[in-house]
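Okay, here's what each chain looks like letter by letter:
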Amino acid sequence: MPVEITWWGHATCTVEDSGVRFLTDPLFARRLAHLRRRRGELPPPEAARAEAVLVSHLHADHLHLPSLARLAPGTRVLVPAGAPRAVPALRRLDGRGLRLTEVAPGDEVEVEGVTVRAVPALHDGRRLPLGPHRSPALGYVVEGEARTYFAGDTGLFDDMAEAVGPVDVALLPVGGWGPYLGHGHLDAGRAAQALAALSPAAAVPVHYGTYWPIGMDAVRPHEFHAPGDEFVRHAARLAPKVAVHLLGHGERVRPEVAR
């Protein structure tokens, strides 16, 4: 078993490789500001267990301080360079036993024999609504028995495949949390284009169908419900050799990869 992927909802996944657990962008809240979790139960306590956490950027639905506070003392948390300065509350978590490590594109960190490499993302990574541009948005490649790419939040950019490098599994965002996606995001079609460029053995669509603004159920509801199925359809056309695993909340898969 080279790698096991569990999707907890939104951009929160557990990637287990070589017996080491990595947790991406943990969000364990039923409600966040104007967003409410509309599908899937809250992740169980076991979801907060990880050797390392990978935070892609500073938006509150990706860098969620109450969720980080649920991590066990000693957990290593990789954050974009400059994050503690932009989000001072991170320093308090660091003082309570979490081990913050700031990274920028190209940096590599070893976690219990598994290498994590930070890669670029095309996204506004600052702490909104007023944060300065101090921290880059990132993706991560976890390389142990397999190479797993967690894209975080990103748009499609020309040298994506070169910047990310060869991967076996891609966790790609295919939607959002509202009726419209702005610059720096992938929808289902653009995510399939990214998949064709990356050419992994397997893919899991994430970042859709979990949170939605309160009171906006009737505004473009297909943007909440449809992205996963649309990604499967586009991927079959643009990247037919890639095995796409459409997971429900809390479901896991062990993709077949050849190394």
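For the structure, check the block above.
Note on numbering: residues in each chain are counted from 1, in written sequence order. The predicted nature of this model means local features are confined to residues of pLDDT at least 70 and side-chain atom pairs, given and counted, to a pLDDT of 80 or more, with totals for whole chains, interfaces and linings taken over all residues. Hydrogens and water are ignored here; the side-chain numbers use all heavy atoms of the structure.

Enquirer: Got a sec to walk through the overall build of the protein? Specific residues and values, please.
Expert: Each helix and strand counted, the protein has 7 helices and 17 strands in total. For the protein, the C-alpha radius of gyration of 17 Å lies close to 18 Å, the compact-globule estimate for 259 residues. Seen along its three principal axes, the alpha-carbon backbone of the protein occupies a region of about 50 × 45 × 35 Å. Counting every position in the protein, which comprises 259 residues, the buried fraction comes to 55%. The contacts of the protein with a sequence gap of at least 6 include a subset with a gap of at least 24, amounting to 67%. Working definition of accessibility: Shrake-Rupley area with a 1.4 Å probe, residue cover restricted to the visible protein chains. Surface accessibility of the protein: about 10900 Å² in total, with carbon and sulfur atoms responsible for 50%. All tallies of charge rest on Lys and Arg as positive and Asp and Glu as negative; His and the ends of each chain are not included. Throughout, a charge is located at the NZ atom of Lys, the CZ atom of Arg, the CG atom of Asp or the CD atom of Glu. Side chains of the protein give 28 positive and 29 negative charges; the mean places of these two sets differ by 7 Å. Helix and strand labels come from DSSP, where a helix needs a run of H or I of at least four residues and a strand needs a run of E of at least two; each type is numbered from the N terminus. All radius of gyration figures rest on C-alpha atoms, and the globule criterion is 2.2 Å times the number of residues raised to 0.38. Remark: exposure states derive from per-residue accessible area (1.4 Å probe, protein chains only) relative to the maximum for the residue type, with buried under 20%, exposed over 50%, and partly exposed in between. Throughout, a residue-residue contact means that at least one pair of heavy atoms, one from each residue, lies within 4.5 Å.

Enquirer: Can you break down the environment of proline 205 residue by residue, with the values?
Expert: With respect to the helices and strands, the residue proline 205 is situated in strand S14 (residues 202-206). Between the C-alpha atom of proline 205 and that of serine 135, which follows or precedes it by 70 residues, the distance is 25 Å. Excluding anything up to four places from it in sequence, proline 205 contacts Leu172, Val174, Phe231, Val244, His245 and Leu246.

Enquirer: Requested: an account of the sheet that holds strand S9 (residues 108-111), with residues and values cited.
Expert: Here, a strand pair is defined by DSSP locating no fewer than two bridges between the strands. Pairing is mixed across the open sheet formed by 7 strands, whose spatial order is S9-S10-S11-S12-S13-S14-S16. Looking at strand neighbours, the two that pair on one side only are S9 and strand S16 (243-244), the edges of this open sheet. Taken together, the 4 bridges between S9 and strand S10 (residues 114-120) define a ladder with antiparallel strand orientation. What sits directly across from valine 109, in S10, is valine 116.

Enquirer: Describe the packing of helix H5 (residues 188-198) against helix H7 (residues 227-238), listing the residues and the values that go with them.
Expert: Orientation is described by axes fitted as lines to C-alpha atoms, over the contacting stretch for helices, and by angles from 0 to 180 degrees between their N-to-C directions. Between H5 and H7, whose axes approach to 8 Å, the crossing angle comes to 40°. If you check the angle between H5 and H7, you find them oblique. For the crossing formed where H5 meets H7, the hand is right-handed. Two secondary-structure elements touch here, H5 through Ala188, Gly189, Ala191, Ala192, Gln193, Leu195 and Ala196 and H7 through Pro227, Glu230, Phe231, His234, Ala235 and Leu238. Taken together, the residues that form the contact of H5 with H7 break down as 9 nonpolar, 3 polar and 1 charged. What sets the label is the angle itself: under 35 degrees gives roughly parallel, over 145 gives roughly antiparallel, 65 to 115 gives roughly perpendicular, and the rest give oblique. In this scheme the crossing of two helices becomes right-handed for a clockwise turn of the near helix relative to the far one and left-handed for an anticlockwise turn of less than a right angle. Nonpolar residues are Ala, Val, Leu, Ile, Met, Phe, Trp, Tyr, Cys and Pro. Charged residues are Asp, Glu, Lys and Arg, and all others, Gly as well, are polar.

Enquirer: Quick one: what's the story with H7, residue by residue and with numbers?
Expert: The first and last C-alpha atoms of H7 sit 16 Å apart over 12 residues, in line with the 16 Å expected at 1.5 Å per residue. In this structure, the buried residues of H7 make contact with strand S13 (169-173), H5, S14, helix H6 (222-225) and S16. An expected span of 1.5 Å times one less than the residue number is assigned to each helix.

Enquirer: Pulling in residues and values, what's your account of the side chain of glutamate 16?
Expert: Structurally, glutamate 16 can be placed in strand S2 (residues 12-17). The salt bridge criterion pairs a side-chain nitrogen of Lys or Arg with a carboxyl oxygen of Asp or Glu, the two atoms within 4 Å. Of the side chains with opposite charge, arginine 21 lies nearest to the buried glutamate 16, which makes no salt bridge, at 4.0 Å. Among all residues touching glutamate 16, those that are not within four sequence positions of it are Pro2, Val3, Glu4 and Arg21.

Enquirer: Account for unusual backbone geometry, naming residues and giving values.
Expert: Even without being a glycine, alanine 33 presents a positive backbone phi close to 55°. On the secondary structure map, alanine 33 appears in the loop between strand S4 (31-32) and strand S5 (35-37). In this structure, arginine 220 takes a positive phi of about 45° despite not being glycine. If you trace the backbone, arginine 220 turns up in the loop between strand S15 (211-213) and H6. The exposure class of arginine 220 is partly exposed, given its relative accessible area of 31%.

Enquirer: Run through the packing of aromatic side chains, naming residues and quoting values.
Expert: The geometry of two aromatic rings is summed up by the distance between their centres and the angle between their planes. In this scheme Phe, Tyr and Trp rings, the latter by its six-membered ring, pair at centre separations within 6.5 Å, and the angle between planes marks the pair as stacked below 30 degrees, edge-to-face above 60, and tilted otherwise. Counted according to the given criterion, the structure contains 2 aromatic pairs. Centroid distance tryptophan 7 to tyrosine 208: 5.3 Å. Interplanar angle 15°. Geometry classified as stacked. With tryptophan 7 in strand S1 (residues 3-9) and tyrosine 208 in the loop between S14 and S15, this pair connects stretches of sequence that are 201 residues apart. Each member of the pair, tryptophan 7 as well as tyrosine 208, carries the same accessibility label: buried. Each ring, one from tryptophan 212 and one from phenylalanine 224, has its centre 5.4 Å from the other, and the planes form 70°; the classification is edge-to-face. Of this pair, tryptophan 212 sits in strand S15 while phenylalanine 224 is found in helix H6, placing the two residues 12 residues apart along the sequence.

Structural measurements only, silent on function.
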